[in-house]
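Here are the chains, one letter per residue:
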Amino acid sequence: MPEPGVKEAIASVLGDGSLSRQSKVARLRQLEADALAKQRGGTEGLAPDRPDDGEELRAIERALMSLGETAVDQGPASL
């Protein structure tokens, strides 16, 4: 289950009619970068490894795909 703040942030971005598509993508990319940083920190022992980190990234990826974008490569080399 994604962190509560992430799920609401995604819904807020997608539902904001005053934002252009480009602005929505930029905000979602920032959420994606933050989620990747948290995941990376967990693999480096900087924060507790949370099993739902992947869910946050998948939720953000789905939101980006709904706007016609692709997610950043999340393979092992990106961690």
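Everything below is about the structure printed above this text.
All residue numbers refer to positions counted from 1 along the written sequence of the respective chain. Residues qualify for local features only when their pLDDT is at least 70, as the model is predicted, and side-chain atom pairs are given and counted only at 80 or more; totals for whole chains, interfaces and linings, by contrast, use all residues. Derived side-chain values reflect all non-hydrogen atoms in the structure, with water molecules and hydrogen atoms excluded from consideration.

## A closer look at the side chain of Lys 24
The condition that has to hold: Secondary structure is summarised from DSSP: a helix means a run of H or I of at least four residues, a strand means a run of E of at least two, and numbering begins at the N terminus for each. The rule is simple: take the accessible area with a 1.4 Å probe, protein chains only, and divide by the maximum for that residue type; under 20% is buried, over 50% is exposed, in between is partly exposed. Positive charges are assigned to Lys and Arg, negative charges to Asp and Glu, while His and the chain termini are left out of the count. Salt bridges, as used here, are contacts in which a Lys or Arg side-chain nitrogen is within 4 Å of a carboxyl oxygen on Asp or Glu. Two N or O atoms form a polar contact when they lie within 3.5 Å of each other; inside protein one atom must be a possible hydrogen donor and the other a possible acceptor, and for residues adjacent in sequence the pair counts only when both atoms belong to side chains. Whether two residues are in contact is decided by their heavy atoms: any pair within 4.5 Å suffices.
Among the structural elements, Lys 24 can be located in helix H2 (residues 21-43). As a buried residue without a salt bridge, Lys 24 has its nearest oppositely charged side chain in Asp 16, at a separation of 6.8 Å. Among the polar contacts listed, one links the side chain of Lys 24 to the backbone oxygen of Asp 16, at a separation of 3.5 Å. When near neighbours in sequence (up to four residues on either side) are disregarded, Lys 24 contacts Val 13, Leu 14, Asp 16, Leu 19 and Leu 67.

## Quick word on the nonpolar core
Spelled out, the test is: Put simply, buried Ala, Val, Leu, Ile, Met, Phe, Trp, Tyr and Cys residues joined by side-chain atoms within 4.5 Å make one nonpolar core.
One finds Ile 10, Leu 28, Leu 31, Ile 60 and Leu 64 to be the most contacted residues of the largest nonpolar core, which totals 14 residues. For this core, the secondary-structure elements that each account for two or more residues are helix H1 (4-15), H2 and helix H3 (53-66). Ile 10 has contacts with Leu 28, Leu 31, Ala 59, Ile 60 and Ala 63, leaving out every residue within four places of it along the chain.

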